[in-house]
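Chain by chain, the residues:
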Amino acid sequence: METALYLIPVTLGDTNYSRVLPEYNSEIIRGIRFFIVENIKSARRFLAQVENSHVDDAVYYELSEHTDVKDIGDYLDPIAKGESVGVISEAGCPAVADPGADIVAIAQKRNIRIVPLVGPSSMIMAVMASGLSGQSFAFNGYLPVKPAERSSRIRQLEQRALKERQTQLFIETPYRNAQMFDAIVSACRKETKLCVAAGITTDHEYIKTKTCAQWKKCGLPDLKKIPAIFLIGI
């Protein structure tokens, strides 16, 4: 096993590990004792799914949105001693809409080998299933919480989608899914298409694309606080 910084994808929600992640990932994980994680408890739970992984004797470095970037450089010290280090996010792929990007940036500056492993990305899978443009798309993270600012931002993204034929993706805290949905169908033109992609790869998976006019007629089902991605396009 090559000494490197390994970016280890995890499941989205309660999906079984073997359903979405290759056995090769398990082989890599079993050879790692040092992990940079967004949340230690959930990382340990994920590693426990991997047979013979070093859950109890592993060393965990926490890297969340609250971690001071100035304090994380030492997390890569094991690599200088010939030990590989793994990065684990809360869900999906590390460093994509994730604080793991900070440690990857440091590794790049230090010319450390970085190995991204194969795994589910909710953003890519949502684009795949949406029927909207996959030639050009942009992820915009979270939109403003205040209603007026949020509606203004949605209209800006809609104009970009129309002008550039670029699919616009964004997310919201799950308990505000319904509010985000209402804001989109109220702010956008009736012809604009909206895809709601929730619970991807889980038993609660829901992916539907309709025009805003169609959504207004049928409404959004109760997603039960399931993580969702919203996509608008033409």
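As the structure is a prediction and not an experimental result, all values here were calculated from the model.

Visitor: Any details on the overall build of the protein? Residues and values, ideally.
Guide: Summing up its helical and strand segments, the protein has nine helices and ten strands in all. For 234 residues, the compact-globule estimate of 2.2 N^0.38 gives 17 Å, and the C-alpha radius of gyration of the protein, at 19 Å, lies within 12% of that figure. Projected onto the principal axes, the alpha-carbon positions of the protein cover approximately 60 × 35 × 30 Å. For the protein, with 234 residues in total, the buried portion stands at 49%. Looking at the protein alone, contacts between residues at least 24 apart form 72% of all its contacts between residues at least 6 apart. For the protein, the accessible area works out to roughly 12100 Å², and carbon and sulfur atoms hold 48% of it. One way to put it: in the protein the 28 positive side-chain charges average out to a point 11 Å from where the 27 negative ones average out.

Visitor: Account for the sheet that holds strand 5 (residues 114–116), with residues named and values stated.
Guide: Pairing is parallel across the open sheet formed by five strands, whose spatial order is 3-2-4-1-5. Here the strands that pair on one side only, and so sit at the sheet edges, are strand 3 (59–62) and strand 5. Pairwise comparison of adjacent strand axes, ignoring direction, gives a mean angle of 25° for this sheet. Strand contacts of helix 5 (residues 100–109): strand 1 (5–8), strand 2 (34–37), strand 4 (85–88) and strand 5, with the helix running at about 155° to strand 1, the strand carrying the most contacts.

Visitor: Outline the nonpolar core, supporting the account with residue identities and numerical values.
Guide: In terms of nonpolar packing, the biggest core is built from 22 residues, with Ile154, Phe170, Ile184, Leu194, Val196 and Phe230 touching the most fellow members. Those elements that place two or more of their residues in this core are helix 7 (147–164), helix 8 (177–187), strand 8 (193–198), helix 9 (212–218) and strand 10 (228–233). Element by element, the count of residues in this core is highest for helix 8, at six residues. Dropping the residues within four chain positions of it, Ile154 is found in contact with Leu143, Met180, Ala183, Ile184, Ala187, Cys188 and Ile232.

Visitor: Any chance you could break down the side chain of Thr15 for me, citing the residues and the numbers?
Guide: Relative to the helices and strands, Thr15 is located in the loop between strand 1 and helix 1 (17–20). Excluding residues within four positions of it along the chain, Thr15 makes contact with Val20, Gln49, Thr201 and Thr202.

Visitor: An account of a nonpolar patch on the surface is needed here, citing residue identities and associated values.
Guide: Judged by side-chain polarity, Ile124, Met128 and Phe137 come together as a nonpolar surface patch covering roughly 310 Å² of accessible area. Note that Met128 resides in helix 6 (residues 122–130).

Visitor: Hey, could you go over the pattern of salt bridges for me, with residue numbers and the actual values?
Guide: The tally for this structure, following the rule as stated, stands at nine salt bridges. Beyond isolated ion pairs, a larger network of salt bridges with shared partners links Glu158, Arg189 and Glu191.

Visitor: Requested: an account of the sheet that holds strand 8, with residues and values cited.
Guide: If you trace the five strands from one edge of the open sheet to the other, you get 6-7-10-8-9, paired in mixed fashion. Where the open sheet ends on each side, the last strands, each with one partner, are strand 6 (137–142) and strand 9 (206–211). Strand-to-strand twist in this sheet, taken as the mean axis angle between neighbours without regard to direction, amounts to 20°. Here six bridges tie strand 8 to strand 9, and the two strands are oriented antiparallel to one another. Paired with Ala197 across the two strands is Ile207, which belongs to strand 9. Helix 6 rests against strand 6, strand 7 (167–171), strand 8, strand 9 and strand 10 of the sheet, and its axis sits at about 45° to strand 10. Against the sheet, helix 7 touches strand 6, strand 7 and strand 10, its axis set at about 50° to strand 10.

Visitor: Before we move on, can you summarise the packing of helix 7 against helix 8 with the specific residues and values?
Guide: Between helix 7 and helix 8, the least distance of the axes is 9 Å, while the angle of their chain directions is 55°. Our classification of the angle between helix 7 and helix 8 gives oblique. Considering only the axes of helix 7 and helix 8, their crossing is right-handed. Residues Arg150, Ser151, Ile154, Arg155 and Glu158 of helix 7 form the contact with helix 8, whose participating residues are Gln179, Met180, Ala183, Ile184 and Ala187. Partitioning the contact of helix 7 with helix 8 into residue classes produces five nonpolar, two polar and three charged.

Calculation rules
- Residues numbered from 1 in each chain as written.
- Predicted model: local features only at pLDDT ≥ 70, side-chain atom pairs only at ≥ 80, totals over all residues.
- Heavy atoms only, no water.
- Helix = DSSP H or I, 4+ residues; strand = E, 2+ residues; numbered from the N terminus.
- Rg over C-alpha atoms; globule rule 2.2 N^0.38 Å.
- Buried < 20%, exposed > 50% of the residue type's maximum accessible area, 1.4 Å probe, protein only.
- Contact = heavy atoms within 4.5 Å.
- Areas by Shrake-Rupley, 256 points an atom, 1.4 Å probe, with all protein chains shown as cover.
- Lys, Arg positive; Asp, Glu negative; His and termini not counted.
- Charge placed at Lys NZ, Arg CZ, Asp CG, Glu CD.
- Pairing = 2+ DSSP bridges.
- Axes fitted to C-alpha atoms, helices over the stretch in contact; angles between N-to-C directions.
- Core = buried A, V, L, I, M, F, W, Y, C linked by side-chain atoms within 4.5 Å.
- Patch = residues over 30% accessible without salt bridge, like charges linked within 9 Å, V, L, I, M, F, W, Y side chains within 5 Å.
- Salt bridge = Lys/Arg side-chain N within 4 Å of Asp/Glu carboxyl O.
- Parallel < 35°, antiparallel > 145°, perpendicular 65-115°, else oblique.
- Left-handed = near helix turned anticlockwise from the far one by under 90°.
- Nonpolar A, V, L, I, M, F, W, Y, C, P; charged D, E, K, R; others polar.

These results come straight from atomic positions and should not be treated as a statement about function.
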